[in-house]
Amino acid sequence: MTDSTEPWPPAPGTGPGGGPAAPLPGAQEPPFASPAPAPEWPQPAAVTLPVPGAAPPPGTLSPSGTLPPSEIPLPAAAMEPVPATVPPRRGRGGLVVLVALIIVGLGGVLGGGAALGKELTRKATKAEQSAALAREVASRWQRLPAGKIFPATISYDNGDGAQLTATRVGIGPQTTCQSALDSSAYEQVRHFGCLAMLRATYTDKVGTQAVTVGIAVFRSGQDAQQAQGGLTASSTASGLNAMPIAGTIASTFGNAQRGAGDAQFAGPYVLLFTAGYTDGMPGSAAAGNDQLVALGTGILGALEPTLTKHASPCTMKDIKC
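These numbers come from a predicted model, not from an experiment. (Residues numbered from 1 in each chain as written. Predicted model: local features only at pLDDT ≥ 70, side-chain atom pairs only at ≥ 80, totals over all residues. Heavy atoms only, no water.)

### Some thoughts on the overall build of the protein
Point 1. Helices and strands together make up the secondary structure of the protein, namely nine helices and six strands.
Point 2. Counting every position in the protein, which comprises 321 residues, the buried fraction comes to 29%.
Point 3. Pairs at least 24 apart in sequence give 65% of the contacts found in the protein among residues at least 6 apart.
Point 4. Of the roughly 21,300 Å² that the protein leaves accessible, carbon and sulfur atoms contribute 62%. (Helix = DSSP H or I, 4+ residues; strand = E, 2+ residues; numbered from the N terminus. Buried < 20%, exposed > 50% of the residue type's maximum accessible area, 1.4 Å probe, protein only. Contact = heavy atoms within 4.5 Å. Areas by Shrake-Rupley, 256 points an atom, 1.4 Å probe, with all protein chains shown as cover.)

Pasting the structure below:
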C-alpha cells in the first residue's frame, strides 16, 4: 500500500525543495554547460521633451493620440491632379439678342424720324392756318417796337377831304387798363379780361389840338368786341384818361380838357381816343367838335392795320399750305 503522504517522486534533476538534484552515487557529472547568454532587451528610445509652441516632429502623435492634419495620408481620390478651371465660352445667343435690339432701336428711330419729317413737311389744315394767324396777330403788341405801333407822323382826313398830319409828342409806358381808364369805363371792360394798355399822345399840325390814343389788349376778338360795345354805351369822351407830355405843347392837356372820344375794336384789340385843346380850354368847349373827332378817328384808323392787317396765312414763314 502506498503512503499517500509521501511526496511525488521528484522530477529528474531536481532535489528536495526544487533545487538541483544531488548526483547519484557513481554517476558522472555532466560537463559544465556554457551559461546561456542573457537576453538583450531593447534599449528605450531617447525621449525628447516638446518645446511649447513648436510643431511636433513628423510622425509624432499629438497629445490626443492622433497624427497632425499635415501627416494624415490623403485618400487616393484626393491625390488625383485637379484639372485647371477653364472659363466657359460665352454663347452667341447674347450677341444675337444685342444685335437684334440694336436693329429694332434703329428701326424705331428711323421710323420716328420719318414720321416727324412727314409731320413737319405736310400742309397745314384750314383750322391750323386760322389758329396760327390768330396767335400771330394777338402777339404783335408785344413783338413790335413802340415806334412801329405809334408812328411819328400820321396822315388823316379832316372830314372835308383835306389831308392833314398829326405829330406824335410822346409814348407812355405800358400800363394796366384800370390805370388808363376812367373808373366807369373800366367797369365796362374788366369782365372781359383787359390785359394791358398802350398809350401815346399826338397833336395836330398847328399844335392847338391834342389827342391821347390807347390800345387795350384782350384775350380774343370776341372779348374785344364785347368790351368795345360797353365803352360805346358809356361816355367815350371820358373813358380814356388823357396823357399830358411834360416839356411839349401837350403838357396842359389833361382830363379836364377832354371833350371828344370814341372806341372801336380790331381783332383782339380795342382802340380808343380822347381829344381836346392844348390852350387850357375846358372839355365842354371841345364837345361836338368835328375836327377833334376827325383827328382822333384818323389816328385810330392808321394804327389798326399795323396791329391786325395780314396777308394769307400761307405767306407766313412758319405755315406751309
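Moving on, there is more to tell.
### A few points about the state of the cysteines
Point 1. As enumerated under the stated definition, the model contains one disulfide in all.
Point 2. One disulfide bridge connects C177 with C194, the sulfur atoms lying 1.7 Å from each other. Here the S-S torsion is close to -50°, and the disulfide linking C177 with C194 is therefore left-handed. Residue C177 is located in helix α5 (residues 177-180), and its partner C194 is located in the loop between α6 (183-189) and β3 (196-203); the two are separated by 17 residues in the primary sequence.
Point 3. Exposure remark for C194: the relative accessible area of 17% places this residue in the buried category. (Disulfide = S-S within 2.5 Å.)

### Here's the deal with the environment of N241
Point 1. Within the secondary structure, N241 sits in the loop between α7 (221-233) and β5 (258-266).
Point 2. Through-space distance from the C-alpha of N241 to that of G254 is 7.8 Å; in sequence the pair is 13 residues apart.
Point 3. Sequence-distant contacts of N241, defined by excluding residues within four places in its chain, comprise S179, A180, L181, D182, R199, T212, N255, R258 and T274.
Point 4. Reaching out from N241, the side chain makes a polar contact with the backbone oxygen of S179 at a distance of 3.1 Å. (Polar contact = N/O pair within 3.5 Å; in protein donor to acceptor, adjacent residues only side chain to side chain.)

### Some points on helix α2 (residues 126-138)
Point 1. An ideal rise of 1.5 Å per residue puts 18 Å on 13 residues; α2 measures up with 18 Å between its terminal C-alpha atoms.
Point 2. Those residues of α2 that sit buried are Q129, A132, L133 and V137. Taken around the axis of α2, the buried residues stretch over an arc of 130°, which confines them to a single face. In this structure, α2 carries A127 and R135 as exposed residues pointing more than 90 degrees from its buried face. (Expected span 1.5 Å × (residues − 1). Arc of directions from axis to C-beta.)

### Here we look at the confidence of the model for the protein
Should the pLDDT be low somewhere, the predicted coordinates at that spot are not to be read in detail.
Point 1. Per-residue confidence for the protein gives a mean pLDDT of 77; residues scoring 70 or more make up 62%.
Point 2. Within the protein, helix α1 (residues 93-121) has the poorest average pLDDT of any element, 67, and β3 the best, 98.
Point 3. Counted against residues more than four places away or in other chains, residues 1-35, with its pLDDT under 50, gives nine contacts. (pLDDT = per-residue confidence, 0-100.)

### So, a nonpolar patch on the surface
Point 1. A grouping of L98, I102 and L106 is seen on the molecular surface, where their side chains present a nonpolar patch of about 290 Å² in accessible area.
Point 2. With respect to the secondary-structure elements, L106 resides in helix α1. (Patch = residues over 30% accessible without salt bridge, like charges linked within 9 Å, V, L, I, M, F, W, Y side chains within 5 Å. Salt bridge = Lys/Arg side-chain N within 4 Å of Asp/Glu carboxyl O.)

### Describing the sheet that holds strand β2 (residues 163-171)
Point 1. Strands sit in the order β1-β2-β3-β4-β6-β5 across an open sheet of six strands; the sheet is antiparallel. The sheet is open, and its two edges are formed by β1 (153-157) and β5, each paired on a single side. With strand direction ignored, the average angle separating the axes of adjacent strands in the sheet is 30°.
Point 2. The pairing of β2 with β3 spans four bridges and is classified as antiparallel. Looking across to β3, one finds that R168 is bridged to Y202.
Point 3. Running over the sheet, helix α9 (residues 290-308) touches β1, β2, β3, β4 (209-217), β5 and β6 (269-277) and is turned about 150° from β6. (Pairing = 2+ DSSP bridges. Axes fitted to C-alpha atoms, helices over the stretch in contact; angles between N-to-C directions.)

### With respect to the pattern of salt bridges
Point 1. The final tally for this structure, using the stated rule, is four salt bridges.
Point 2. When the shortest N-O distance is used, the salt bridge between R140 and E136 registers 2.9 Å.
Point 3. Across the salt bridge formed by E187 and R190, the nearest N and O atoms sit 2.9 Å from each other.
Point 4. In this structure E187 comes out as partly exposed when scored by relative accessible area, which is 40%.

### Remarks on α9
Point 1. Here α9 contains 19 residues, and its C-alpha end-to-end distance of 27 Å stays within 8% of the 27 Å for a straight helix at 1.5 Å per residue.
Point 2. Buried within α9 are the following residues: L292, A294, L295, G296, G298, I299, L300, L303, L307 and T308.
Point 3. Measuring from the backbone nitrogen of Q291 back to the side-chain oxygen at the start of α9 gives 2.8 Å, which picks out N289 as the cap.

### A closer look at the side chain of T201
Point 1. As for its placement among the helices and strands, T201 is situated in strand β3.
Point 2. Judged by its relative accessible area of 0%, T201 falls in the buried class.
Point 3. Here T201 is in contact with T167, R168, V169, G170, V211, T212, M243, I245 and A250, once residues within four sequence places are set aside.

### What about the pairing of β2?
As a general feature of sheets, a regular strand has side chains that alternate between the two faces.
Point 1. The pairing of β1 with β2 spans five bridges and is antiparallel. Bridge pairing in β2 places Y156 opposite L164.
Point 2. Between β1 and β2, which pair antiparallel in sequence order, lie five residues; one of them, G159, sits at a positive phi of approximately 100°.

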